[in-house]
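Remarks on the overall topology
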Amino acid sequence: MAPGAPAPPVHHSTPPSLQHSTRRRLIINADDFGRSESINEAVIRAHREGVLTTASLMVNEPACAQAVALARENPRLGVGLHLTLLCGRSALPPDAIPGLVDARRQFSDKPAATGWRYFFRRELREPLRQEIRAQFRAFAATSLPLDHVNGHLHMHLHPVVFRMLMDEAESLGIRRLRLTRDCFWLNAGLARGHWAYRISHAVIYRILSARARPELARRGIRHTGRVFGLLQDSRMFESYVLELLSRLPAGDSELYSHPSLDKFKHEFDALISPTVKQRIGDLGIELIRYQDLQIEP
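Parameters and conventions
- Within any chain, residue numbers begin from 1 and follow the written order of that chain's sequence.
- For a predicted model such as this one, the threshold for reporting local features is a pLDDT of at least 70, and the threshold for listing and counting side-chain atom pairs is 80 or more; totals across whole chains, interfaces and linings nevertheless cover every residue.
- Note: side-chain values were computed over all heavy atoms of the structure, leaving out hydrogens and water.
- Patch membership is restricted to residues that have no salt bridge and whose relative accessible area is over 30%. Joining uses 9 Å for like charges and 5 Å for the nonpolar side chains Val, Leu, Ile, Met, Phe, Trp and Tyr.
- The protein chains shown are the only cover counted for residues, whose accessible areas, like all others here, come from Shrake-Rupley with a 1.4 Å probe.
- Every case where a carboxyl oxygen of Asp or Glu lies within 4 Å of a side-chain nitrogen of Lys or Arg is listed as a salt bridge.
- For helices the rule is a DSSP run of H or I covering at least 4 residues; for strands it is a run of E covering at least 2, with both sets numbered from the N terminus onward.
- Three exposure classes are used, based on accessible area relative to the maximum for each residue type with a 1.4 Å probe and protein chains only: buried under 20%, partly exposed in between, and exposed over 50%.
- The rule for a disulfide is simple: a pair of cysteine sulfur atoms within 2.5 Å.
- Helix axes are fitted only over the stretch in contact, all axes being lines through C-alpha atoms; the angle between N-to-C directions runs from 0 to 180 degrees.
- Should an angle fall under 35 degrees it is called roughly parallel, over 145 degrees roughly antiparallel, and 65 to 115 degrees roughly perpendicular, with every other angle called oblique.
- Contacts are assigned to residue pairs with any non-hydrogen atoms lying within 4.5 Å of each other.
- As a working rule, the residues Ala, Val, Leu, Ile, Met, Phe, Trp, Tyr, Cys and Pro are called nonpolar, Asp, Glu, Lys and Arg charged, and the rest polar, with Gly in that last group.
- Any two strands between which DSSP finds at least two bridges are classified as paired.
- Handedness of a crossover is defined as follows: with both strands directed away from the viewer, a clockwise route from the first strand across the helix to the second makes it right-handed.

**A few points about a nonpolar patch on the surface**
On the surface, Trp195, Ile199, Val203 and Ile207 cluster together into a nonpolar patch covering about 370 Å² of accessible area. With respect to the secondary-structure elements, Val203 resides in helix α8 (residues 195–219). On the basis of relative accessibility, which here comes to 46%, the residue Val203 falls in the partly exposed class.

So, in C-alpha cells, the structure goes:
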C-alpha cells in the first residue's frame with residue numbers, strides 16, 4: 001500500500017462451515033464526527049490504523065467541513081448522519097425554528113427537560129420537522145453516501161422525532177438506522193458501578209426500541225440486532241472491548257464510541273489497540289458498515 005493511501009476496515013471472512021446462526025458481524029462506530037479537529041483526527045486514525053468502520057457526522061458543528069474532506073479521502077469509512085436536536089448547533093437560524101435554539105443557534109444542553117418539551121409542546125413540532133429536514137439536506141450536500149442515521153444522545157428514538165423520521169423516511173433516504181438497545185445483563189457482567197445510570201438507560205431504551213422496531217420492519221429499514229455502548233458511555237476502555245468481543249452474541253451488532261485525542265483518548269486507544277484487532281481476528285468476527293447489512297435482524 002502506498003504511503004498515505006487510505007486503509008480499508010479490517011474484514012475477516014467467515015469459514016464456510018460456520019452456520020449463519022453463529023456468524024458474528026460487528027459495526028464499530030464513532031459518534032460526534034465533525035464536532036472538533038481532535039475528534040476528526042481520532043476517527044480517521046482509528047479507521048486507518050485500527051478497527052473503526054463507521055462514523056456519525058454532526059453537520060452543524062465547527063469541524064464538519066474537515067470531517068467531510070477526510071471522509072472523502074477514506075471512502076471505506078461509512079458515514080452517517082448524527083441528527084442533533086440538543087447539546088449542539090442547529091442548521092436553521094433561530095427565527096426559522098422558534099423555541100428550539102437560542103440566539104447563537106444552540107440547542108438546550110438539558111436532555112431530560114428537552115425531551116419533555118418536545119413531547120408536550122405541540123408548537124415545537126413544525127420547527128423540529130424543518131430542522132430535521134435541514135440537517136438531512138446538509139448531509140446530502142456533502143455528496144457522501146448516507147450509511148446510517150442516528151441521533152445525538154439517541155434523540156432519533158424520541159417518540160415525536162421518530163414519528164417525523166418515519167413519516168418522511170422515503171424522502172429523507174433513511175434505509176438504515178441505529179436501534180439503540182444495549183444488553184443489560186451482558187453489560188452487568190462486564191463492568192461495575194454507575195448502576196443508576198445503567199439501569200435507567202437500559203429500561204428507557206428497551207421501551208423506545210420495542211416501540212420503534214415494528215415500524216422499522218414495516219418500512220424495511222435495516223438495523224443491527226443490538227447496540228453496545230449505551231451503558232458504557234464514555235467508559236469504552238480496551239479491557240471492556242476485549243471482554244465484549246469474547247462474549248459477542250451471534251448476528252449483527254454495533255459498538256459505538258466517542259474517540260478523541262483529548263477528552264476520550266482512552267476510547268481512541270481501544271480502537272487502535274493491536275490486541276483488540278488480534279482478538280477480532282482470532283474470534284472470526286467480521287467487521288462491517290451499516291450499508292453491509294443484508295438481512296433484517
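Once you've had a look at it, read on.
**Here we look at the state of the cysteines**
Evaluated as defined, the whole model comprises zero disulfides. Cysteine Cys64 remains unbridged, with the sulfur of Cys87 as its closest cysteine sulfur at 18 Å. On the basis of relative accessible area, Cys64 is assigned to the buried category, the value being 9%. What makes Cys87 buried here is its relative accessible area of 16%.

**Notes on the packing of helix α9 (residues 238–247) against helix α11 (residues 274–283)**
At their nearest, the axes of α9 and α11 sit 10 Å apart, and the two run at 0° to each other. The orientation of α9 relative to α11 falls into the category roughly parallel. The segment α9 lies against α11, with Glu238, Val241, Leu242, Leu245 and Ser246 engaging Thr275, Val276, Arg279, Ile280 and Leu283. Of the residues in the contact of α9 with α11, the class split is six nonpolar, two polar and two charged.

**Thoughts on the pairing of strand β2 (residues 54–57)**
Both faces of β2 are covered, namely the face carrying Thr54 and Ser56 and the face carrying Ala55 and Leu57. Where strand β1 (residues 24–33) and β2 come together, three bridges link them in parallel fashion. Bridge pairing in β2 places Asn29 opposite Thr54. For the crossover that starts at β1, traverses helix α1 (residues 37–49) and ends in the parallel β2, the hand is right-handed.

**Things to note about the packing of helix α5 (residues 159–167) against α8**
Running from N to C, α5 and α8 cross one another at 5°; their axes reach a closest spacing of 11 Å. Our classification of the angle between α5 and α8 gives roughly parallel. Of α8, the residues touching α5 (which contributes Pro159, Phe162, Arg163, Met166 and Asp167) are Leu208, Arg211, Ala212, Glu215, Leu216 and Arg219. In terms of residue class, the contact of α5 with α8 is made up of six nonpolar, no polar and five charged.

**Quick word on the environment of Leu86**
When you line up the elements, Leu86 lands in the loop between β3 (78–83) and α3 (111–120). Given the relative accessible area of 1%, Leu86 is considered buried. Residue contacts for Leu86: discarding those within four places in its chain leaves Phe107, Ser108, Pro111, Thr114, His152, Leu153 and Met155.

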